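Observations on the three-dimensional arrangement
The residues making up each chain are set out below.
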Amino acid sequence: MDIRPLDREEYAGYSFHVEYTTAWYYDVDIRENGFLLERRPFPAPERRSFSDTLFSEWLEDPVAFGAFEGKTLLGFIEGSPEAWHNVFRISNIYLSEACRGRGIGSALMTRMLAWARERTACRGVVLETQTCNDPAIRFYRKRGFHLSRIDVREYANDDAARKEVRIDLFLPLERT
């Protein structure tokens, strides 16, 4: 496997569809004096999905890396600095289901974090996921990311009822 930069002109608009199965979610209980976030099982595993594209116009100065076996793209990670609050946002990380669990996601994350540390002055790395995406949350937490934001109406007014609340996770960028 080889990890290399993805050419912005070649991959701009590259569309992909993410699917995952989750057996757990983080229930967001909105209380008068705060929130309670509790990991709970779904009655049965659920299949969730979404679609996105690479190098979207809203990104300030995006960079992406792909994991390749020969000419075959196995997965990728994309990120961009956000000057307004001095963080580096990982906007996408994708692996086909067949490639998951092989260390490719870890290798992509390691490469992107090293790039952000070496090439930016950002104070940390932020990424978004949903409270129902337990596999992603476990992946990010193993790499040191911690909860930094909860948005109970990012996608729709019934996010909490659908168990799909936006959370941002944050990792401080320590310089060596």
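Everything that follows concerns the structure shown earlier in this document.
Described in the following lines is the structure provided in the data block. Note that the structure is predicted; figures quoted are calculated from it, not measured. (Residues numbered from 1 in each chain as written. Predicted model: local features only at pLDDT ≥ 70, side-chain atom pairs only at ≥ 80, totals over all residues. Heavy atoms only, no water.)

Our next topic: the nonpolar core. Note that soluble globular proteins tend to have their nonpolar side chains buried in a common cluster. Counting 28 residues, the largest nonpolar core has Phe-88, Ile-90, Met-109 and Phe-145 as its most contacted members. Counting only elements with at least two residues in this core, the list comes to β4 (63–69), β5 (72–82), β6 (87–95), α2 (104–119), β7 (124–130), α3 (134–142) and β9 (166–172). Looking at this core, the element that brings in the most residues is α2, giving 7 residues. Ignoring sequence-local partners within four residues, the contact set of Met-109 consists of Ile-77, Ile-90, Ile-93, Leu-127, Phe-139, Tyr-140, Arg-143 and Phe-145. Among the nonpolar cores identified, the runner-up in size contains 14 residues, and Phe-16, Tyr-25, Phe-76 and Tyr-94 belong to it. (Core = buried A, V, L, I, M, F, W, Y, C linked by side-chain atoms within 4.5 Å. Buried < 20%, exposed > 50% of the residue type's maximum accessible area, 1.4 Å probe, protein only. Helix = DSSP H or I, 4+ residues; strand = E, 2+ residues; numbered from the N terminus. Contact = heavy atoms within 4.5 Å.)

Here we come to α3. All of the buried residues in α3 are Asp-134, Ala-136, Ile-137 and Tyr-140. Angularly, the buried residues of α3 cover 160° about the axis, an arc narrow enough to put them on a single face. The positive-phi residue at the C-terminal boundary of α3 is Gly-144, with phi of around 100°. (Arc of directions from axis to C-beta.)

What follows concerns the pairing of strand β2 (residues 15–31). Relative to strand β3 (residues 34–53), β2 runs antiparallel, the two sharing 16 bridges. Looking at β3, one finds that Asp-27 is bridged to Glu-38. The antiparallel pairing of β2 with β3 creates a hairpin that spans 2 residues between the two strands. (Pairing = 2+ DSSP bridges.)

A word on α2. Over its 16 residues, α2 runs 22 Å from end to end, which matches the ideal 22 Å to within 8%, given 1.5 Å per residue. Of all the positions in α2, only Ile-104, Gly-105, Leu-108, Met-109, Met-112, Leu-113, Trp-115 and Ala-116 are classed as buried. An end-on view of α2 places all buried positions within 165° of arc, on one side of the element. The exposed set on the far side of α2, more than 90 degrees from its buried face, consists of Thr-110 and Glu-118. (Expected span 1.5 Å × (residues − 1).)

Another point: the pairing of β9. Burial analysis of β9 places 6 of its 7 residues in the buried class, the great majority of the element. Note that β7 and β9 share 7 bridges and pair antiparallel. Each bridged residue has a counterpart across the sheet, and for Leu-127 the counterpart in β9 is Leu-169. Strand direction decides the pairing type here: strand β8 (residues 146–151) and β9, joined by 5 bridges, are antiparallel. Across the sheet, the residue bridging to His-146 is Phe-170, located in β9.

To continue, consider unusual backbone geometry. Notably, Phe-55 is not glycine yet its phi reads approximately 55°, a positive angle. Relative to the assigned elements, Phe-55 resides in the loop between β3 and β4. Residue classification places Phe-55 among the buried residues on the basis of a relative accessible area of 10%.

The sheet built from 7 strands is open, its strands ordered β1-β4-β5-β6-β7-β9-β8 with mixed pairing. Every other strand in the sheet has two partners, leaving β1 (2–5) and β8 as the edge strands with one partner each. Shown here is a sheet whose adjacent strand axes are inclined to one another by a mean of 25°, direction ignored. As judged from the 3 bridges shared by β6 and β7, these two strands associate in the parallel manner. Bridge assignment links Ile-90 to a residue of β7, and that residue is Leu-127. Strands β6, β7 and β9 of the sheet are contacted by α3, whose axis makes an angle of about 160° with β7. (Axes fitted to C-alpha atoms, helices over the stretch in contact; angles between N-to-C directions.)

The analysis is restricted to geometry; functional conclusions fall outside its scope.
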